[in-house]
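# Summary of the model geometry
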Amino acid sequence: MSRPVRIGVLRLVDSAPVMVAAERGLFAACGLDAIVQVEPSWSNIADKLTYGLLDAAVMLPPLAFAATMGLRGPAARLVVPMSLTQGGNMVVLNNDAATGVASSGGLLAWLSGQSDRPRFAVVHTFSTHNLLLRYWLAASGVDPDRDIETLVIPPEDMVKALGAGQIAGFCAGAPWGDVAAACGAGQVLLGTSAIWPHHPEKCLAVGAGWAETNPDALVLLTRALLQAQILCDRADTAPEIATLLAQPDGLDLPEVATLAALPGRNSAEQICFHARSAWFPAQAHALWFLGQMRRWGWVGDDADLPEVARTVYRPDLLGPALAAEGILSPQGLPALEEEVWLPSEPTSGP
Amino acid sequence: MKVLLADDNAERASALARLLAADPRLVVLQLRAGEALADAVAAQAPDIVLADMARPDRDALDGIRQVATHAPRPIVLFADKDDPGFMEAAIGAGVSSYTVPGVPAPDVKPILQAAAALFRRHQQARDGQRLAENPLQEREVIGRAKARLIRKRKLTEPDACRWLRNQAMSRGRRIVDMVAELIRDSKGDAP
């Protein structure tokens, strides 16, 4: 291979499989020369994947679909050979809002008593966080387009905005919910696993052009990440992984809250990396995200969502790595679709 | 045409503002310190936004609907479909451009081109200046970084060299500049 694989990540606990594969030498042991680039925003990840300045990245599934469908600019050609994590986000309220919700007997009652629409922050419009928050609000009788105002704030700025009273609440990934609670800026209302148990969170997105011209490297990349996911899921390795993610010349995450979010630890919401086939990029998952994007009017009625799901979510590309790692025979992949969990509420309009 | 510059680097932003102001057809607006990008777009309704890609709040522009609920006009990432190499170069230089659908591409391209050239020059000047400040320390800085990698990450010396080279390559930087940055970013925790 002529040059190293460039993999983009953000400063989040969900980046653990890539960081572990890089720092523990799993990429190298597979014979893959890989470089990890820490990016400041999801937009950077999407732009660099679109224009080939990154080959692969930890990605939000709805953003992968939005980029592919040209909802944020030029249409990108991306494929998702594997999912990376399940769960891990929290809905957090500032102290005033938390008290208000408790004393008015629920979120809907509190919202109806507000003269100004309370502001809720998510990490990106096309994020799992936004879709889960909106789904949960709608299921509670709230119209997220009418009853609240939605802002986009970078994950690491959430806690400051909450503490300063700029937002009533947020939905963000680990470690920022626990950080907000620990510093007294707010209270955790729920983890997103309460909205959708075992919900898919981050995925691996790869430039389709890179995947087509480097099929062997793609197998090595996905093999190393499958190995890393298994390590990340072990409770006994969690302290080491938290330390690794806290390295100042790496992700520089707050170590205590990072450890809490890892499997087997004490956060109210934990990330799952490997168990329950967390690596499986299910068509049912893709269709749920796409269905929600259409529900909120972000996708036109003319878009062929099953076709988008089939084009982007490509479990077949993971087959060789699953077989090589002895996890599953590729013939077993279709059966996994039958085991996928979906949220229980109907997904029709509010 | 209104151009909003979202760049926290004051020196670079003023240089770009002066450059663009030479075109009488352009009204150049700058983001105020601490002002949120989405708020500025809603308030100023620019036709073009030039954003420093190092900004973490650039994600606020990505939701077309989100911006559209505040401002009457949506903003999307500009793409020159005929010239993807040009877009790659702009992104590589660290600048991205958003436009209102309907703003003709021939008007946007020279503006983004000017911004990309300025960003690139700025990066090169900064690298050069850093080196000029430490003409004799280059080897020592790299040596210390290597020693730290060998100690902390249990790397062999060739692996440490390769790590530094890969990191520098991925950032498009010289090794010595990248190492200096790492040392500064680790809050004085020198190797």
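Residues numbered from 1 in each chain as written. Chains lettered and ligands numbered in written order. Predicted model: local features only at pLDDT ≥ 70, side-chain atom pairs only at ≥ 80, totals over all residues.

### Structural notes on the overall build of chain A
To keep things clear, this is the line we draw: A run of H or I in DSSP becomes a helix once it reaches four residues, and a run of E becomes a strand once it reaches two; helices and strands are each numbered from the N terminus. In this treatment the radius of gyration is a C-alpha quantity, and the globule benchmark scales as 2.2 Å times the residue count to the 0.38 power. Our exposure labels follow a C-beta count within 10 Å of each residue's own C-beta, placed from the backbone: buried means 20 or more other C-beta atoms, exposed means 12 or fewer, and partly exposed covers the counts in between. Contact criterion: two residues are in contact if their C-beta atoms, reconstructed from the backbone, are within 7 Å.
When you go through chain A residue by residue, the secondary structure sums to 17 helices and 10 strands. For chain A, the C-alpha radius of gyration of 19 Å lies close to 20 Å, the compact-globule estimate for 350 residues. Oriented by its inertia axes, the alpha-carbon framework of chain A measures out at about 60 × 45 × 35 Å. For chain A, with 350 residues in total, the buried portion stands at 55%. A separation of at least 24 residues holds for 77% of the contacts in chain A among residues at least 6 apart in sequence.

### Brief notes about the interface of chain A and chain B
To keep it simple, the criterion reads: When residues are sorted by character, Ala, Val, Leu, Ile, Met, Phe, Trp, Tyr, Cys and Pro go into the nonpolar class, Asp, Glu, Lys and Arg into the charged class, and all the rest, Gly among them, into the polar class.
At the interface, 28 residues of chain A touch 30 residues of chain B. Sorting the residues of the side of chain A that touches chain B by element identifies β2 (34–38), α3 (42–50) and β7 (149–152) of chain A as the ones contributing at least two each. Considering each element in turn, the side of chain A that touches chain B owes the most residues, 5 residues, to α3 of chain A. When grouped by side-chain class, the residues that make up the side of chain A that touches chain B number 13 nonpolar, 9 polar and 6 charged.

### A few points about the pairing of strand β1 (residues 2–6) of chain B
Residues and elements named next belong to chain B. Heads up, the condition is: Two strands form a pair only when DSSP identifies at least two bridges running between them. The path from the first strand over the helix to the second decides the hand: if it runs clockwise while the strands point away from the viewer, the crossover is right-handed.
Across the 5 residues that make up β1, a large majority, 4, are buried. Summarising the sheet, β1 and strand β2 (residues 27–30) pair through 4 bridges and their orientation is parallel. Residue Val3 lies in a different strand from β2, and its bridge partner there is Val28. With respect to chirality, the unit in which β1 leads through helix α1 (residues 10–21) into the neighbouring parallel β2 is right-handed.

### Quick notes on the domain arrangement of chain A
Quite often, the size of an interface is put as the accessible area lost when its parts meet. All names here are of chain A. Condition: A domain assignment, automatic or from a database, supplies the domain bounds used here.
Looking at the assigned domains, one finds that chain A contains domain 1 (5–86 + 200–339) and domain 2 (89–194). With centres defined by C-alpha atoms, the gap from domain 1 to domain 2 works out at 25 Å. Every contact between the two is made by 25 residues of domain 1 and, on the other side, 23 residues of domain 2. When residues of the side of domain 1 that touches domain 2 are traced back to their parent elements, those giving at least two are α4 (61–68), α13 (255–261) and α14 (283–295). For the side of domain 1 that touches domain 2, the residue count by class is 17 nonpolar, 4 polar and 4 charged.

### Focus: the sheet that holds strand β6 (residues 119–122) of chain A
The strands making up a sheet associate through hydrogen bonds between their backbones, and the pairing can be parallel or antiparallel. Residues and elements named next belong to chain A. Counted only if it meets this: To get an axis, a line is fitted to the C-alpha atoms, and for a helix only the part in contact is used. The angle between two axes follows their N-to-C directions and goes from 0 to 180 degrees.
In space, the 5 strands of this open sheet follow the order β7-β6-β8-β5-β9, with mixed pairing throughout. Lying at the two open borders of the sheet, with one neighbouring strand each, are β7 and β9 (186–191). Taken over all neighbouring pairs, the strand axes of this sheet differ in orientation by 25° on average, direction set aside. Where strand β5 (residues 89–94) meets strand β8 (residues 169–173), 5 bridges bridge the pair, whose relative direction is antiparallel.

### Details of the confidence of the model for chain B
Residue and element names in this part refer to chain B. Selection rule: pLDDT is defined as a per-residue confidence score from the predictor, taking values between 0 and 100.
Per-residue confidence for chain B gives a mean pLDDT of 80; residues scoring 70 or more make up 83%. Helix α3 (residues 64–70) is the least confidently modelled element of chain B, averaging 43 in pLDDT, while β2 averages 94, the highest of any element. A low-confidence stretch, residues 64–71 (pLDDT under 50), is modelled with 20 contacts involving residues beyond four sequence positions or located in other chains. If you check the scores for this complex, the pTM reads 0.86 and the ipTM reads 0.86.

### Focus on unusual backbone geometry
Residues and elements named next belong to chain A. Each neighbour pair has its own omega, and for Ala174 with Pro175 the value is 10°, a cis peptide bond. Relative to the helices and strands, Pro175 is located in the loop between β8 and α9 (176–182). You will see that His198, though not glycine, has its phi angle at about 60°, which is positive. Relative to the elements of secondary structure, His198 occurs in the loop between β9 and β10 (203–207). One non-glycine residue, Arg276, adopts positive backbone phi at about 50°. Tracing the sequence through the fold places Arg276 in the loop between α13 and α14.

### Description of the packing of α4 of chain A against α14 of chain A
All names here are of chain A. Applicable threshold: Between 65 and 115 degrees an angle is taken as roughly perpendicular, under 35 as roughly parallel, over 145 as roughly antiparallel, and anywhere else as oblique. Crossing handedness is defined as follows: a turn of the near helix away from the far one that is anticlockwise and smaller than a right angle gives a left-handed crossing, while the clockwise case is right-handed.
In the contact formed by α4 and α14, the axes pass within 10 Å of each other and the chain directions differ by 65°. In terms of axis orientation, α4 runs roughly perpendicular to α14. Where α4 crosses over α14, the two elements pack in a sense that is right-handed. Two secondary-structure elements touch here, α4 through Pro61, Pro62 and Phe65 and α14 through Phe289, Leu290 and Met293. Broken down by class, the residue content of the contact of α4 with α14 amounts to 6 nonpolar, no polar and no charged.

### Remarks on the sheet that holds strand β3 (residues 56–59) of chain A
Residue and element names in this part refer to chain A. Strand order in this open sheet of 5 strands is β2-β1-β3-β10-β4, and the pairing throughout is mixed. Sheet topology places β2 and β4 (78–83) at the edges, where each strand pairs with a single neighbour. For this sheet the average axis-to-axis angle between neighbouring strands, irrespective of direction, equals 25°. Bridge count between β4 and β10: 4 bridges; the pairing is antiparallel.

### Points about the packing of helix α1 (residues 16–23) of chain A against helix α11 (residues 215–232) of chain A
Each packed pair of helices is defined by two parameters, the angle between the axes and the distance between the axes. Residue and element names in this part refer to chain A. Interaxial distance between α1 and α11 falls to 8 Å at its minimum, and their mutual angle equals 105°. Classified by the angle between their axes, α1 and α11 sit roughly perpendicular to one another. Contacts from Ala16, Pro17, Val18, Val20 and Ala21 in α1 reach Ala224, Leu225, Ala228, Gln229, Leu231 and Cys232 in α11. Here the contact of α1 with α11 is built from residues that sort into 10 nonpolar, 1 polar and no charged.

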